[in-house]
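For reference, the chains in residue letters:
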Amino acid sequence: MQTKLKESAPILEVNNLFASTDNLPILKGVSIKVYPGEIHAIMGRNGCGKSTLSKIIAGHPSYNITKGEINFLEKNVNSLEPEERAQSGIFLGFQYPIEIPGVSNLEFLRVSTNARRKFLKQEELDTFDFEDLVKEKLELVKMDSAFLSRSVNQGFSGGEKKRNEILQMALLDPSIAILDETDSGLDIDALRIVASGIKKISNNKMGIILITHYQRLLNEIKPDYVHVMSDGQIIKTGGSDLALELEKNGYEWTDNFEKEN
Amino acid sequence: MVNENLVKDVVKEPYKYGFVTDIETEKISKGLNEDIIRLISSKKEEPEYLLNFRLNAFKKWQQMKEPNWAELGYDEINYQDIIYYSAPKQKEKISSLDQVDPKLLETFDKLGIPLTEQKKLTNVAVDAVFDSVSIATTFREELAEHGVIFCSISEAVKNHSDLIEKYLGSVVPATDNYFAALNSAVFSDGSFVYIPKGVTCPMDLSSYFRINSGDSGQFERTLIIAEESSSVSYLEGCTAPMFDTNTLHAAVVELIALDDASIKYSTVQNWYAGNEEGIGGIFNFVTKRGKCLGNRSKISWSQVETGSAITWKYPSCLLLGEESIGEFYSVALTNNLQQADTGTKMIHIGPKTKSTIVSKGISAGKSKNSYRGLVKMGTKAIGAKNYSQCDSMLIGDQASANTFPYITSQQQNSEIEHEASTCRISEDQLFYLQSRGIEFEEAVSMMVSGFCRDVFNQLPMEFAAEADKLLALKLEGSVG
């Protein structure tokens, strides 16, 4: 287990967040605080708003924040462009990574990495230096360098796409990584590779939010906190055993919380 | 949607070549009739056969109708309201570059085509055409050492009359179509290239076409002849000032490749496209055709079409020689109210002829972008093959893309393959790239370049970089 730095400021603080798309309310007052080194899991049924929460934190243009705020490294990022958020260290691992035909994965990774490095006032990498860096990171997710010459995510299997996401996380070295159903569509071996990659990349300065339906990812990466979402709200927060209880009792069990609350 | 507006901003591009050169010009009066044609011909001191060629074309043109089958809408062109000859005034006959008006040299300098000895591009010979006349051709002596002739078509008429008489109009007959007939009647200048037997042209050849006057049309004519086992790569660039009237450009390009010869013809067309409301811009009606006369000859067209209010052009190949090869690689980008109807014709006549068509259309704004292509297998085209791929990309929700493939085959033992696709730059793709720290504009231009990669790979090196930059410019908004 990593050492907690609770005495420092939170990396991410979502404060009573309300958001909608096409005037349809999706988030109805979500609050969450992530400190350095912490791993949070957000669980809930399909359509409860957990993926939306991740997209809103990353700045997806289809959603409007109607109330509340997102503070990242003690700065309100509500109105920042997605690329500004990414450059400053917010990473979203996509549930369905997007295919970009004709754009080489290597070039994409390089431009992306350099955008982050530029923000960090680090030297930008030329093609040769970047290839050295990326080869080292490929090891983490056991990817073959042949992936680099293909178009971004095009023709990748589900598992390859997810590993490509984790590769990007490794290259961008974010302050907060929100991984949206990174475990979905993975067989057991691929799940282990992805989980071990995430563990190797994580450190005591980074916060991680795992969005998932299932316990099996949490068996590999033990969360410090588990939040249960329902209808755009976090209805219960607990430790890692909450996920186990959920696994045992199913989401029906959480319907009672709503009634209780 | 937030991003929709952003896309609109991004594709707004300031036209960098819109300046006008203030220079004294010699213009003839507006209008078109036999006397005007005689006047143009006499100004150029042409031999009789050429005057007859013009008059014959004019006669036929008068009986022809302007074609209306293309997906284009524009106000009727008043052919009597156009000046058919406009040339910068030269004090005397010039024999070297030092005598060219510095203003003209400056103009081409500004366009990135320096012509003077000290500054000229090192790897490319350039023929610079300003309105109706050729201003200068670089590297002529060096090319002559290899027997390569590279000069303006007017000079070729004087010095290589046998070649002109033999080949002019042999690929695109004077009466081929409405605009070709018009060009044949009034063409003023253009480039001429002759590569002798067995010679690989030691450098790329290039023509740069500049329209300067607002009320003159430009009607240039290019003729390239590649003798047996020779090869040449030819580049063509075009720009024009911004006027709020439309200027007519009707060119004819003819290529002839004999046994084992190869011609690669690349165009970056960036004529003024008109403003956001569709006012002004060049009407670009061009007939380009290559004849693979010899066995195993090859003609390859690649084009990057980004300008003009109206583009109507179908660079084509007549594949006569056995095992001859025709290629067409095209990127056409339209924005605002631009309209493009472009594609190719691959006419397979000889046996075992092969053709490849790769067309990428990108439409933004309210523009209309159509691919129109004909693949024809004649009765003798045994074992002939064609592969066509036509992809369209839409940016925003007000642009349109069409594909009109025409296929006819009179030979069972031939193959035709056609693939087509349409895609849109999706909000999700943009968000994905942005969420990796890539700026919005760079994300759009990355995707557009990616979409065009198959075509860019076919362009000569210098041009590929220029084309990529040009597209990025078109897509980069105020930053450019």
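Rules and cut-offs
Residues numbered from 1 in each chain as written. Chains lettered and ligands numbered in written order. Predicted model: local features only at pLDDT ≥ 70, side-chain atom pairs only at ≥ 80, totals over all residues. Helix = DSSP H or I, 4+ residues; strand = E, 2+ residues; numbered from the N terminus. Rg over C-alpha atoms; globule rule 2.2 N^0.38 Å. Buried ≥ 20, exposed ≤ 12 C-beta atoms within 10 Å, placed from the backbone. Contact = placed C-beta atoms within 7 Å. Core = buried A, V, L, I, M, F, W, Y, C linked by C-beta atoms within 7 Å. pLDDT = per-residue confidence, 0-100. Pairing = 2+ DSSP bridges. Axes fitted to C-alpha atoms, helices over the stretch in contact; angles between N-to-C directions. Left-handed = near helix turned anticlockwise from the far one by under 90°. Nonpolar A, V, L, I, M, F, W, Y, C, P; charged D, E, K, R; others polar. Parallel < 35°, antiparallel > 145°, perpendicular 65-115°, else oblique.

*Asks:* What am I meant to see in the overall build of chain A here?
*Replies:* Along the backbone of chain A there are 9 helices and 12 strands. For chain A, the C-alpha radius of gyration of 18 Å lies close to 18 Å, the compact-globule estimate for 261 residues. Its C-alpha atoms give chain A principal-axis dimensions of about 60 × 40 × 40 Å. The proportion of buried residues among the 261 residues of chain A is 44%. Pairs at least 24 residues apart make up 71% of the contacts formed inside chain A by residues separated by at least 6 positions.

*Asks:* Looking at this model, I keep getting lost on the overall build of chain B. Mind explaining?
*Replies:* Helices and strands together make up the secondary structure of chain B, namely 11 helices and 23 strands. Split into buried and exposed, the 480 residues of chain B put 56% on the buried side.

*Asks:* I keep staring at unusual backbone geometry and nothing clicks. Help me out?
*Replies:* What you tend to see is this: most non-glycine residues have negative phi, and most peptide bonds are trans. Backbone geometry at A:Lys142 places phi at a positive 50 degrees, although glycine is not the residue there. When you line up the elements, A:Lys142 lands in the loop between helix H4 (127–140) and strand E8 (151–152).

*Asks:* Any chance you could explain the nonpolar core here in plain terms?
*Replies:* For soluble globular proteins, nonpolar side chains are generally found buried alongside one another. Core analysis: the largest hydrophobic core is formed by 202 residues, its most contacted members being B:Val193, B:Ala226, B:Ala257 and B:Ile263. Excluding its chain neighbours within four sequence positions, the residues that come into contact with B:Ala226 are B:Ile195, B:Ser231, B:Val232, B:Ile256, B:Ala257, B:Leu258, B:Ala261, B:Ser262 and B:Ile263.

*Asks:* Sorry, what's going on with the environment of A:Gln95 here?
*Replies:* All names here are of chain A. Structurally, the position occupied by Gln 95 is in the loop between strand E6 (90–93) and strand E7 (100–104). Linking Gln 95 and Lys 162, residues 67 residues apart in sequence, is a C-alpha distance of 8.0 Å. Among residues more than four places away in sequence, those in contact with Gln 95 are Ser 51, Asp 180, Glu 181 and Ser 184.

*Asks:* Whenever I open this one, the confidence of the model for chain B confuses me. Can you help?
*Replies:* The predicted structure's coordinates, where accompanied by low pLDDT, should not be read in detail. Residues and elements named next belong to chain B. The predicted model of chain B has a mean per-residue pLDDT of 85, with 89% of residues at 70 or higher. Per-element confidence in chain B is highest for strand E16 (residues 316–319), whose mean pLDDT is 98, and lowest for helix H1 (residues 2–10), whose mean pLDDT is 43. Scored below 50 in pLDDT, residues 1–11 shows 26 contacts in the model against residues more than four places distant or in partner chains. Below pLDDT 50 for its whole length, residues 476–480 participates in 13 contacts with residues either more than four positions away or in separate chains. Note on the complex model: pTM 0.81, ipTM 0.94.

*Asks:* Got a minute to help me understand the sheet that holds strand E11 (residues 225–230) of chain A in this structure?
*Replies:* All names here are of chain A. Ordered by their spatial adjacency, 6 strands build an open sheet running E6-E9-E10-E3-E11-E12, and the pairing between neighbours is mixed. Both edges of this open sheet fall to E6 and strand E12 (233–238), since each of them pairs with a single strand only. Here the strands of the sheet are splayed against their neighbours by 20 degrees on average, with no regard to which way each runs. With 4 bridges joining them, E6 and strand E9 (residues 176–180) adopt parallel strand pairing. Paired with Gly 93 across the bridge in E9 is Leu 179. Packing of helix H8 (residues 240–249) onto the sheet brings it into contact with strand E3 (39–44), E11 and E12, and relative to E11 it is tilted by some 45 degrees.

*Asks:* Is there a simple way to think about the environment of A:Gly68 in this case?
*Replies:* Within the secondary structure layout, A:Gly68 lies in strand E4 (residues 64–72). Separated by 37 residues in sequence, A:Gly68 and A:Ser31 place their C-alpha atoms 9.0 Å apart.

*Asks:* What is the right way to read the interface of chain B and chain A from this model?
*Replies:* Frequently, the measure chosen for interface size is the accessible area that the parts lose on association. Between chain B and chain A, the contact holds 20 residues from the first and 21 residues from the second. Elements represented by at least two residues in the side of chain B that touches chain A include exactly H1, helix H9 (427–434) and helix H10 (440–456) of chain B.

*Asks:* What should I look at first to understand the sheet that holds strand E5 (residues 75–76) of chain A in this one?
*Replies:* What holds strands together in a sheet is hydrogen bonding between their backbones, with the strands either parallel or antiparallel. Residues and elements named next belong to chain A. The strand order across the open sheet built from 4 strands is E2-E1-E4-E5, with neighbouring strands paired in antiparallel fashion. Two strands close off the open sheet at either side, each with one partner strand: strand E2 (24–34) and E5. When E4 meets E5, the two strands line up antiparallel, connected through 2 bridges. Across the sheet, residue Phe 72 finds its bridge partner in E5, namely Lys 75. On the sheet, helix H1 (residues 50–58) packs against strand E1 (12–21), E2 and E4 and is oriented at approximately 75 degrees with respect to E2.

*Asks:* What is the right way to read the pairing of E4(A) from this model?
*Replies:* The side chains of a regular strand alternate, residue by residue, between the two faces of the sheet. Residues and elements named next belong to chain A. Summarising the sheet, E1 and E4 pair through 7 bridges and their orientation is antiparallel. Bridging across to E4, Val 14 finds its partner in Ile 70. Where E4 hands over to E5, the hairpin turn is made up of 2 residues, of which Leu 73 adopts a positive phi near 50 degrees.

*Asks:* Whenever I open this one, the packing of helix H3 (residues 48–63) of chain B against helix H8 (residues 178–186) of chain B confuses me. Can you help?
*Replies:* Describing two packed helices takes the angle between their axes plus the distance from one axis to the other. Residue and element names in this part refer to chain B. At a closest axis distance of 7 Å, the pairing of H3 and H8 adopts a crossing angle of 145 degrees. You can see that H3 and H8 cross each other, and the crossing is left-handed. Residues Phe 53, Arg 54, Ala 57, Phe 58, Lys 60 and Trp 61 of H3 lie in contact with H8, whose contacting residues are Tyr 178, Ala 181, Leu 182, Ser 184 and Ala 185. Along the lines of polarity and charge, the residues of the contact of H3 with H8 split into 8 nonpolar, 1 polar and 2 charged.

*Asks:* Sorry if this is basic, but what is going on with the environment of A:Asn203 here?
*Replies:* Residue and element names in this part refer to chain A. Summarising the element assignment, Asn 203 is placed in the loop between helix H6 (188–201) and strand E10 (207–212). Of the residues examined, Asn 203 has 10 C-beta atoms within 10 Å and is grouped as exposed. The sequence separation of Asn 203 and Ile 193 amounts to 10 residues, and the corresponding C-alpha distance is 18 Å.

*Asks:* Just to check I follow, could you spell out H9(B) for this structure?
*Replies:* Helical periodicity: at 3.6 residues per turn, an α-helix aligns residues three or four positions apart in one direction. Extensive coverage of H9(B) is indicated by the burial of 6 of its 8 residues. Along H9(B), the residues that are buried comprise B:Gln429, B:Leu430, B:Phe431, B:Tyr432, B:Leu433 and B:Gln434.

*Asks:* Can you walk me through the packing of helix H5 (residues 158–172) of chain A against H6(A) in this structure?
*Replies:* Residue and element names in this part refer to chain A. The interhelical angle for the contact between H5 and H6, taken along N-to-C directions, is 5 degrees, at an axis separation of 10 Å. Taken together, the axis directions place H5 and H6 in an arrangement best described as roughly parallel. Residues Gly 159, Lys 162, Arg 163, Ile 166, Met 169 and Ala 170 of H5 pack against Ala 190, Ile 193, Val 194, Gly 197, Ile 198 and Ile 201 of H6. Its residues placed into classes, the contact of H5 with H6 shows 8 nonpolar, 2 polar and 2 charged.

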